[in-house]
Amino acid sequence: MTIGELSRATGVSTRSLRYYEQQGILTSERRANGYRDYGPEAPEVVLRIRALLAIGLPTDKIRDILPCEGAAGRQPEVCPTLLAKIREIRDSVSEQAAELSRTSDALTRYLSDNFA
C-alpha cells in the first residue's frame, strides 16, 4: 500500500506517517520507482501508534515498547516497560491535577476573602 492509501485508511496525514518512519516506529519498503510500500499490517501499527501518542507516550518510548503491543489478532503481551511508562504518565497527570485543584481552591479563597 502507498503512503496515500495508508493515510486514507487511517486518517493520519502523510506528513505524520513520514515522521513515524523517521522516528523508527513505522517501516516501509521502497518500490523501484522510489515510492514507499507499506505492508498489510501498517494500518494496525499506525492506529496503535496513535493510541500510544494519545496517552502521552513520546515516540522514543513508543519505539521501545511497540513490540510489546502484540500482533494482529492476539492479546498484547504484558510489557514491563510499557506498563511502567503508562503508570509514570498517569502519576504525573494525577500530580498535575492535584496542583491545579490546589491552585483553583487558592483562587476561590482569594476571591472570597477580597471581593465577596
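Values in this document were obtained by computation on a predicted structure and should not be read as measured data.

*Asks:* Got a minute to help me understand the pattern of salt bridges in this structure?
*Replies:* Here the idea is simple: oppositely charged side chains can pair when their charged atoms come close. Taken as a whole and judged by the stated rule, the model has five salt bridges. With a shortest N-O distance of 3.2 Å, E44 and R48 are connected by a salt bridge. Of the two residues, E44 and R48 are both situated in helix α3 (residues 42-54); the distance of four residues between them amounts to about one turn of the helix. Its relative accessible area of 16% is what places R48 among the buried residues. Across the pair R90 and D91 runs a salt bridge whose closest N-O atoms are separated by 3.1 Å. Residue R90 is classed as partly exposed on the basis of its relative accessible area of 48%.

*Asks:* Even after reading the chapter, I still don't get the packing of aromatic side chains, so can you show me in this structure?
*Replies:* Any pair of aromatic rings gets described here by the distance separating the centres and the angle formed by the planes. Enumeration over the complete set of coordinates arrives at two aromatic pairs. When the ring of Y110 is compared with that of F115, the centres are 6.0 Å apart and the planes differ by 65°; the resulting orientation is edge-to-face. Among the residues examined, Y110 registers a relative accessible area of 46% and is labelled partly exposed.

*Asks:* I tried to follow the nonpolar core on my own but got confused; where do I start?
*Replies:* Generally speaking, a soluble globular protein has its nonpolar side chains buried in company with each other. Counting 21 residues, the largest nonpolar core has L17, Y20, L26 and I49 as its most contacted members. Every element with two or more residues in this core is listed here: α1 (3-10), α2 (14-22), α3, α4 (59-65) and α5 (80-115). Sort the elements by how many residues they give to this core and α3 lands first, with five residues. Those residues within four positions of L17 in sequence are excluded, and the remaining contacts are I3, L6, S7, V12, L26, Y38 and V46.

*Asks:* Help me understand the side chain of S7, please; the structure alone is not making it clear to me.
*Replies:* Tracing the sequence through the fold places S7 in helix α1. Assessed through its relative accessible area of 15%, S7 is described here as buried. Look past the residues within four positions of S7 in its chain and what remains in contact with it is V12, S13, T14 and L17.

*Asks:* What is the right way to look at a nonpolar patch on the surface in this model?
*Replies:* Taken together, the side chains of Y110, L111 and F115 define a hydrophobic patch exposed on the protein surface, amounting to about 370 Å² of accessible area. Residue position: F115 is located in helix α5.

Thresholds applied
Residues numbered from 1 in each chain as written. Predicted model: local features only at pLDDT ≥ 70, side-chain atom pairs only at ≥ 80, totals over all residues. Heavy atoms only, no water. Salt bridge = Lys/Arg side-chain N within 4 Å of Asp/Glu carboxyl O. Helix = DSSP H or I, 4+ residues; strand = E, 2+ residues; numbered from the N terminus. Buried < 20%, exposed > 50% of the residue type's maximum accessible area, 1.4 Å probe, protein only. Phe/Tyr/Trp six-rings, centres within 6.5 Å; stacked < 30°, edge-to-face > 60°. Core = buried A, V, L, I, M, F, W, Y, C linked by side-chain atoms within 4.5 Å. Contact = heavy atoms within 4.5 Å. Patch = residues over 30% accessible without salt bridge, like charges linked within 9 Å, V, L, I, M, F, W, Y side chains within 5 Å. Areas by Shrake-Rupley, 256 points an atom, 1.4 Å probe, with all protein chains shown as cover.

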